[in-house]
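Take a look at the letters that make up each chain.
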Amino acid sequence: MAKKLSDAHPDLNDVVFVGIQQGGVVVGNDIVLAIQQINRAQKVQYGQLDITFYRDDIRKEILTPDTMNIPFAIENKTVVLIDDVLFTGRTIKAALDVLLDYGRPAKVELCVLVDRKEHRQFPIQADYVGVTVETKKDDKVKLINKEVVLIAR
Amino acid sequence: MQLSTRHLLGIKNLTKEDISLILSTAEQFKEVLQRPVKKVPSLRDVTIVNLFYENSTRTRFSFELAEKRLSADTINFAASSSSASKGETLLDTVNNILSMKVDMVVMRHSASGAPHFLAQHIPAAIINAGDGINEHPTQGLLDAFSIKEKTGTLEGRKVAIIGDIMHSRVAQSNIYLLKKMGAEVTVCGPPTLIPKYISGALGVNVNYNLKETLEWCDVANVLRIQLERQNQVLFSSLREYSLAYGINRNLLDSLHKEIVIMHPGPINRGVEIDSDVADSKQSIILQQVENGVAVRMAVLYLLSGRKD
C-alpha cells in the first residue's frame, strides 16, 4: 500500500497523511515509515485525528477523547485519511467533518487496511485497500497487536 | 471511562479518577480551541440553562462560551431581571424552566447548598457555578489545570492560598482538589479570615506570615478581598491588609526563587495584589481565564451523556 501511495504522490509537499485514532494511527505509523523509506528526499507530513467529539451516537455513551495532532495546514493539500477497518462509513464521515474544521483540502483520499464492503451505511469508498473481506453484520473485525482479527458471531 | 456522578455539585464528592478524567478531557478541548474552527458538534440538541442568582462576568461568559463551542442551545437567566424578583421560589422557577425541556442547569446562588437542594428535586444534570461560601468546583478544576499546565504536575506541588479563606468558595474547592491530587496546601491570611478548624478538617497547613509562606510555595493563589463583606470589620482597613498581605514586586524579588502567581478574579489592584505583579510574566491570571473555557467544556461534555 505504501508503494501505491508513493507512486500516486511522487511530490510529498502536496500531500499530508492523517491516521484516525486509534487503529488508523497504528496502521498510519507503519505506512508513513514505509513511504519515508521509498522517498527519502522529502519529509512525510503525518498527523493524528480523533473523532470522539464528532460522533453521531454521542448521546448513547460518553467516550474519552484521544489525542488530536495536526501540526500543519491542510489548506489546498491532498489529505490521505488512514484507518484500520472500513465498515459502515460513519467514522469516515465524522473524520471528514473534523477535517473540514481545520481548513479546505484540495482533495481527500481514503486508505484502509480492511474493507467490509457490503455493510456501508454512507456513500463512502476507499481509494487504497489492503484487503476486502466478506463478513456478517454482527461480526467484529479488529486490529489487535497489528494483527487483523475476525471475531465471528 | 465515565464520571462517578451525574452532577457537579462540588469537588468534595469527586474521586481522584473523576478529577484526572476531567483534566485530561480538558486538554483535548484546549486543542479544539486552537483550531481554525473552534467548535465541535458534541452537544448538538442539548439545552442548557445558565441560572445566575448572583452577579458574575467571568464564570457566566466562560460557561456560555463553553456551551456554544460544544454546539449546545443555551438560555440565560439573571435573577435581577426575572420573576425571582416577584417572589417566585427557586424550585418553582427551575421546574418552570425544565418543563420547556432543558437537559442541564448551570447554577450560581448566594445560598450554600442551593444546587444540592435542586439536585434532589429535578431530573436535569446540575453544575454548580458557585454556591455561597461553599464551593466553586469549576474554578478549582481550572486552577488545577493551570498549575498542571504551567508546572507539569499536581503531585507534591506546594500551593499557597492567600487571603480571605473564611468566605472563599474558591479556596474550599481548591483545597479539596489539591489534597485529593496529592499536592501540599498552606493557607495564609489574617487570623480573623482563617477558620480555626481548617487545618484539622481539611488537612492544610496554616501560616499567618506571608513572606514565610511565599518562600515555601511553588504556586501562590491570591484570593480577592471581598469588599462587599467589609462591614464585618475582620481587619482594620484595606490599607493595613495590603501592607501585611498584599503581594508586591519587592516582596517577590526578595524570595530565593520565582513562584507562579494566580488569582481567580476580579482583581482589586493595589489591595491583595499590585499591578506590576498581576501583569508580570510570573502571573498566569489570564491563562486561568483561557483554560476556564476548556475545563468547563470538559465538565459539560462528560456530564451530558448520563441519563439515569
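This paragraph deals with the pattern of salt bridges. All names here are of chain B. Applying the stated criterion across every chain, the model contains 15 salt bridges over all chains. Where Glu149 meets Lys30, a salt bridge forms, and the shortest distance between an N and an O atom there is 2.7 Å. One end of the pair, Glu149, is in helix H5 (residues 137-151); the other, Lys30, is in helix H1 (residues 16-32), with 119 residues separating them in the sequence. Owing to a relative accessible area of 14%, Lys30 belongs among the buried residues under this scheme. In the salt-bridge network here, residues are joined through shared partners; they are Lys30, Glu149 and Glu290.

Right, let's talk about the confidence of the model for chain B for a bit. The share of residues in chain B with pLDDT of 70 or more is 97%, and the mean pLDDT across the chain is 92. In the predicted complex, the global pTM is 0.89; the interface-specific ipTM is 0.77.

Turning our eyes to something else, we now look at the sheet that holds strand S8 (residues 219-222) of chain B. Sheets are built from strands paired through backbone hydrogen bonds, the pairs being either parallel or antiparallel. All names here are of chain B. Taken together, five strands build an open sheet; the order of strands is S7-S6-S5-S8-S9 and the sheet is parallel. Looking at strand neighbours, the two that pair on one side only are strand S7 (205-206) and strand S9 (260-262), the edges of this open sheet. Across three bridges, S8 lies against S9 in parallel orientation. Within the sheet, the bridge partner assigned to Ala220 lies in S9 and is Ile261.

What follows deals with helix H2 (residues 58-69) of chain B. Residues and elements named next belong to chain B. When the terminal C-alpha atoms of H2 are compared, their 16 Å separation across twelve residues agrees well with the 16 Å that a helix rising 1.5 Å per residue should span. Looking only at H2, the buried set comprises Thr59, Ser62, Phe63, Glu64, Ala66 and Glu67. Where the residues of H2 are buried, they touch strand S1 (47-52), strand S2 (73-78), strand S3 (104-109), strand S4 (125-131), H5 and helix H12 (285-303). Downstream of H2 by a residue or two, Ser71 has a phi angle that is positive, lying close to 65°.

A word on the environment of Lys4(A). Residue and element names in this part refer to chain A. Looking at the element boundaries, Lys4 is found in helix H1 (residues 2-8). Separated by 124 residues in sequence, Lys4 and Tyr128 place their C-alpha atoms 7.9 Å apart. With residues near it in sequence (within four places) discarded, Lys4 still touches Tyr128 and Val129.

Residues and elements named next belong to chain B. When its domains are assigned, chain B resolves into domain 1 (16-135 + 289-304) and domain 2 (137-286). Measuring from the centre of the C-alpha atoms in domain 1 to the corresponding centre in domain 2 gives 26 Å. Domain 1 puts 28 residues into the contact, and the matching count from domain 2 is 27 residues. Of the roughly 2300 Å² buried at the junction of domain 1 and domain 2 (both faces included), carbon and sulfur atoms supply 59%. Of all residues in domain 1, Leu23, Ile133 and Glu135 give up the largest surface area on contact with domain 2, accounting jointly for 27% of the area buried on that side. Between the two partners, domain 1 and domain 2, sit three salt bridges. Our count for the domain 1 to domain 2 interface comes out at eleven residue pairs in polar contact (both at pLDDT 80 or more).

Conventions used here
- Residues numbered from 1 in each chain as written.
- Chains lettered and ligands numbered in written order.
- Predicted model: local features only at pLDDT ≥ 70, side-chain atom pairs only at ≥ 80, totals over all residues.
- Heavy atoms only, no water.
- Salt bridge = Lys/Arg side-chain N within 4 Å of Asp/Glu carboxyl O.
- Helix = DSSP H or I, 4+ residues; strand = E, 2+ residues; numbered from the N terminus.
- Buried < 20%, exposed > 50% of the residue type's maximum accessible area, 1.4 Å probe, protein only.
- pLDDT = per-residue confidence, 0-100.
- Pairing = 2+ DSSP bridges.
- Expected span 1.5 Å × (residues − 1).
- Contact = heavy atoms within 4.5 Å.
- Domains from an automatic or database assignment.
- Buried area = accessible area lost by both parts, 1.4 Å probe.
- Polar contact = N/O pair within 3.5 Å; in protein donor to acceptor, adjacent residues only side chain to side chain.

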